[in-house]
Amino acid sequence: MDRRVTLAHGAGGKQTGELIREVFRKHFSNPEFTADDAAVLDLGTGRIAMTTDGFIVSPYRFPGGNIGKLSICGTVNDLACMGAKPMYMTCSFVIEEGFPMDELEEIAAAMEKTAAEAGVRIVAGDTKVAGKGQVDHVFITTTGIGALTEGVSLSGAKARPGDAVIVTGDVGRHGCTILLAREELGIDADVKSDCAPLSGLVESVLRATKDIHVIRDATRGGVGTVLYEIAEQSGVGVRVDQAAVPVDGAVGGVCGMLGLDPLYLANEGTMVVVAPKERAESVLEALHSHPYGEKAALIGEITGDNAGKVIVTTEIGTETLLPQPGGELLPRIC
Amino acid sequence: MTAMAADAAVLKAGRIMTDIMEKREPARKSAREIIESYDGPKLRIMEVCGTHTHEIFRLGIRSLLPDTIELVSGPGCPVCVTPVGFVDEAVMLALEKGAVVCTFGDLIRVPGTKMSLAGARAEGARIRIVYAPDDAVEYAAAHPEEQVVFLAVGFETTTPAAALAVRRARDEKIENFSILTANKTMPNAYLALRGSADAFLYPGHVNAITGETECRRLAEESGISGVIAGFTAKELLTALAVIIEKSKTGEPFFVNCYPRVVRPEGNPAGLSLIREVMEPCDSEWRGLGIIPMSGLRLREEYRGYDARVRFALPKIEGRPNPACRCGEVLQGKCRPSDCRVFGKGCTPEHPVGACMVSSEGACAAYYQYGAK
Amino acid sequence: MCVGLAAKVVGIRNGTALVDANGAKREVSAQLLEDLEPGDYVMVHAGVAIAKITDDDGDETDALMEML
């Protein structure tokens, strides 16, 4: 078989999982190495969470943000998903020769502003410049650590039958924004990335109740991918009510044109929260009272049957399997 | 309001009034009730169109069907019926001839003899995904130093878009644009598929161009039954219910169940555009072999825009993987799960046959929705 | 076989129609349809408006069921 890295390995679906399993986990495996969004470490001084994330996005500037804002949000949100308060970050840049300095500064300024909002400090960094054409403008990798909130224990393996499945916002906006920003499809729509640091949002949820089982950042691969990850890690099924999934009108229109499903499009400011059914109301209340959670919605439940699968209740009340996301997202005509 | 809408509204109002006045449940069964309660002889229905296959799965319609109704998937996915040799030609254009190949996203992962377009892209070929053939012309106009080839696949629905692109290139003298044709037409395929099913669910968007005539004639002259179907839940359920009710008569039938989009005459401008730019030719369908006069190629006066001519492509005989049974799947002769490699050597990530590639391909739909 | 998108015509210019589907806008060819006007609904496929839509699917299916 062809052993090359393909774009499908970067799409967040099944192949990405394979790449991590067969290359990285094989070599990096240790007791703290995590399948969740951040590792939890016991340094003898209280528990911390730690994670790292690389950012390549074309174009590096898009409606609603740029790669700098994205690089802070991604790592902050991964820490927040473990119930950690993000504290320190490092960042590493790979910059293409010839990249305009004032645009680099614009990126750095966005990082500063977003870090301040999230209450996190950038404490170390690294810069490399690659020859013209060796990278696409600029790549950023950020690493962050955060202090774990006492009494909170979150993991993709903790979903239980009967739990409520909640999304913290409308789905697919970031992925849709990037598709349109590439300007190759000739489609014009008023869609902005949902890119936002969600540590404050998670904090207010955890203030309402610490009895939460899973929080997952629905980035690459979208909510569909996250639901499959939870189903697999927890050994449960997930049932989603199609009509309850919040989708921005224009995102729906773009998806209709291109034959795509918003459930597979990336988010950078929307998470999936799984909590005991009796906590659903207070979680939703906390989300709705936060500016980043106004469109939060209960979209389904965890089931004991159909382990490892995501079942959708359709508009006509029938049940069907949500196809497992995989491969590159391709606009289709048929 | 259109005349038809007005008629429907009057009918609806009349029915509601009767119901209210007589204080009874509506006597009429809903489409869904007709489908769920069907207990007549076994009925085999072929959804010709891959988008129908996809929507039927997405809407969970199969879960409503009694055992007496079997839905089989037909050859109506242009990606699935495109032969291996076509992918090989496209790969050769991109890798050896240095052309920028513009394609619908659907074709990217279809396996060729050696590799797919995705494979060629990983080797450095320039492949661009476009939403419309016209976008490829636009790109060619903006990059006169490059040779741009659009991969023209599709049935009557899609062919006018490719024909418009060629005509624009000629009118605006965009000489670095050409197309690689694999366009196909449906009527002869229906005849080739005769006997595969008791009734066809005709592909509504093909009929939007071709109209009712051909399908009506299939019922009247060849005894082939079918209905033109739309794509919403209501339209699909109604089309299935109409098939069930009409089948009870035992006579061949034809009904246009998608009149809000399909006119009896179709789209005359689209048909004459196809005739102006293209002419019929024999065409190879993956799995079905060569069906006489079921394909389209550029007419003599447009031959300069034919990539095969411009790049003097040699005749390429593609070699499909022998384990693959896509051909039988496309004819409804076997189910995807009957194939030896289905779900094992052949998955959406590593497709062996084209039916596993397109999300509307029968194999991909069966695999992703866990059907047997 | 063919993904079709129902969209509203919001502008017409030289054989091109600007269509809008829930706020997603794109220019498509209007060359296959005569007398398109802003406000019309069309079925769009691969960047071409292939048919005018004359009704909604509810009224259409009601009329068909009535026929049975």
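### Some words on the overall build of chain B
Next, step 1: From N to C terminus, chain B includes 16 helices and 11 strands.
Next, step 2: Taking 372 residues into account, the globule formula puts the C-alpha radius of gyration at 21 Å, and chain B, at 22 Å, falls close to it.
Next, step 3: When the backbone C-alpha atoms are referred to their principal axes, chain B occupies close to 75 × 50 × 35 Å.
Next, step 4: Look at the contacts in chain B between residues 6 or more apart in sequence, and 76% of them connect residues 24 or more apart.

### Let's talk about the interface of chain B and chain C
Next, step 1: The partner chain C presents 28 residues to the 48 residues of chain B that form the contact.
Next, step 2: Secondary-structure elements contributing two or more residues to the side of chain B that touches chain C are α1 (3–22), α3 (50–58), α7 (133–142), α8 (159–171), α10 (204–210), α12 (233–247) and α13 (268–277) of chain B.
Next, step 3: No other element matches the seven residues that α1 of chain B contributes to the side of chain B that touches chain C.
Next, step 4: Its residues placed into classes, the side of chain B that touches chain C shows 27 nonpolar, 12 polar and nine charged.

### Details of the nonpolar core
Next, step 1: Within the largest apolar cluster, 255 residues are counted, with the highest numbers of intra-cluster contacts made by Val-254 of chain A together with Val-101 of chain B.
Next, step 2: When residues of this core are assigned to domains, at least three fall in each of domain 1 (39–148) and domain 2 (164–321) of chain A.
Next, step 3: For Val-254 of chain A, the residues in contact, after removing those within four places along its chain, are Cys-176, Leu-180, Ile-187, Ala-189 and Val-191 of chain A together with Ala-24 of chain C.

### Considerations on the environment of Ala-208 of chain A
Residues and elements named next belong to chain A.
Next, step 1: Tracing the sequence through the fold places Ala-208 in helix α5 (residues 199–208).
Next, step 2: Between the C-alpha atoms of Ala-208 and Leu-284, which are 76 residues apart in sequence, the distance is 9.7 Å.
Next, step 3: In this structure Ala-208 touches Ser-282, Val-283, Glu-285 and Ala-286, once residues within four positions along its chain are discounted.

### Structural notes on the domain arrangement of chain A
Residues and elements named next belong to chain A.
Next, step 1: On domain assignment, one finds that chain A holds domain 1 (39–148) and domain 2 (164–321).
Next, step 2: Taking the mean C-alpha position of each, domain 1 and domain 2 sit 23 Å from one another.
Next, step 3: Of the residues lining the interface, 24 residues belong to domain 1; the matching set on domain 2 comes to 21 residues.
Next, step 4: Only α2 (67–80), β5 (84–96) and α3 (101–118) provide two or more residues apiece to the side of domain 1 that touches domain 2.
Next, step 5: Top element by residues in the side of domain 1 that touches domain 2 is α2. It accounts for nine residues.

### Side note on the interface of chain A and chain B
Next, step 1: Counting residues at the interface gives 24 residues for chain A, matched by 32 residues for chain B.
Next, step 2: Where the side of chain A that touches chain B is concerned, the elements lending two or more residues are α1 (14–28) and β15 (319–321) of chain A.
Next, step 3: At three residues, the largest contribution of residues to the side of chain A that touches chain B is made by β15 of chain A.
Next, step 4: For the side of chain A that touches chain B, the per-class residue count stands at nine nonpolar, nine polar and six charged.

### Remarks on unusual backbone geometry
Next, step 1: With omega at 0 degrees, the peptide bond leading from Ser-58 of chain A into Pro-59 of chain A counts as cis.
Next, step 2: Positive phi, normally seen in glycine, also occurs at Ala-312 of chain B, with a value near 45 degrees.
Next, step 3: Structurally, Ala-312 of chain B can be placed in the loop between α14 (307–310) and α15 (326–330).
Next, step 4: A count of 7 C-beta atoms within 10 Å places Ala-312 of chain B in the exposed class.
Next, step 5: One non-glycine residue with positive phi stands out, namely Asn-14 of chain C, at about 45 degrees.
Next, step 6: Structurally, Asn-14 of chain C can be placed in the loop between β1 (5–13) and β2 (16–21).

### With respect to the sheet that holds strand β4 (residues 127–129) of chain B
All names here are of chain B.
Next, step 1: Strand order in the open sheet formed by four strands is β4-β3-β5-β6, and the pairing between neighbours is parallel. Here the strands that pair on one side only, and so sit at the sheet edges, are β4 and β6 (177–181). Within the sheet, the average angular offset between the axes of one strand and its neighbour, ignoring direction, is 30 degrees.
Next, step 2: In this structure, strand β5 (residues 148–152) lies alongside β6, joined through five bridges in parallel fashion. Pairing of Phe-150 across the sheet is with Ile-179, part of β6.

### Quick look at α13 of chain B
Next, step 1: Among all positions in α13 of chain B, only Gly-270, Leu-273, Ile-274 and Val-277 of chain B are buried. All buried residues of α13 of chain B project into a common sector of 100 degrees when viewed along the axis, lining one side.
Next, step 2: Contacts made by the buried residues of α13 of chain B are with α8, α10, β10 (278–285) and β11 (289–298) of chain B together with β5 (48–52) of chain C.

### Structural notes on the sheet that holds β5 of chain A
All names here are of chain A.
Next, step 1: A sheet is described by the order of its strands in space; here five strands give the open sequence β1-β2-β7-β5-β6, paired in mixed fashion. The sheet is open, and its two borders are formed by β1 (39–42) and β6 (121–130), each paired with just one other strand. Averaged over all neighbouring strand pairs, the angle between strand axes comes to 20 degrees, with direction disregarded.
Next, step 2: Here α2 sits on the sheet in contact with β2 (47–55), β5 and β7 (138–148), set at roughly 30 degrees to β7.

### Observations regarding the pairing of β6 of chain B
Residue and element names in this part refer to chain B.
Next, step 1: With five of its five residues buried, β6 lies for the most part within the structure.
Next, step 2: Judged by which residues are buried, β6 turns out to be covered on both faces: Phe-177, Ile-179 and Thr-181 on one side and Ser-178 and Leu-180 on the other are all buried.
Next, step 3: Handedness of the β5-α8-β6 crossover: right-handed.

### Some points on α8 of chain B
Residues spaced three or four apart along an α-helix point in a common direction, a consequence of the helix completing one turn every 3.6 residues.
Residue and element names in this part refer to chain B.
Next, step 1: Between the first and last C-alpha of α8 there are 18 Å, a value that for 13 residues agrees with the 18 Å anticipated at 1.5 Å per step.
Next, step 2: Taken together, the buried positions of α8 are Thr-159, Pro-160, Ala-161, Ala-162, Ala-163, Leu-164, Ala-165, Val-166 and Ala-169.
Next, step 3: Count one or two residues on from α8 and you reach Lys-173, which has phi positive near 50 degrees.

The rules behind each value
- Residues numbered from 1 in each chain as written.
- Chains lettered and ligands numbered in written order.
- Predicted model: local features only at pLDDT ≥ 70, side-chain atom pairs only at ≥ 80, totals over all residues.
- Helix = DSSP H or I, 4+ residues; strand = E, 2+ residues; numbered from the N terminus.
- Rg over C-alpha atoms; globule rule 2.2 N^0.38 Å.
- Contact = placed C-beta atoms within 7 Å.
- Nonpolar A, V, L, I, M, F, W, Y, C, P; charged D, E, K, R; others polar.
- Core = buried A, V, L, I, M, F, W, Y, C linked by C-beta atoms within 7 Å.
- Buried ≥ 20, exposed ≤ 12 C-beta atoms within 10 Å, placed from the backbone.
- Domains from an automatic or database assignment.
- Pairing = 2+ DSSP bridges.
- Axes fitted to C-alpha atoms, helices over the stretch in contact; angles between N-to-C directions.
- Arc of directions from axis to C-beta.
- Right-handed = clockwise from strand over helix to strand, strands pointing away.
- Expected span 1.5 Å × (residues − 1).

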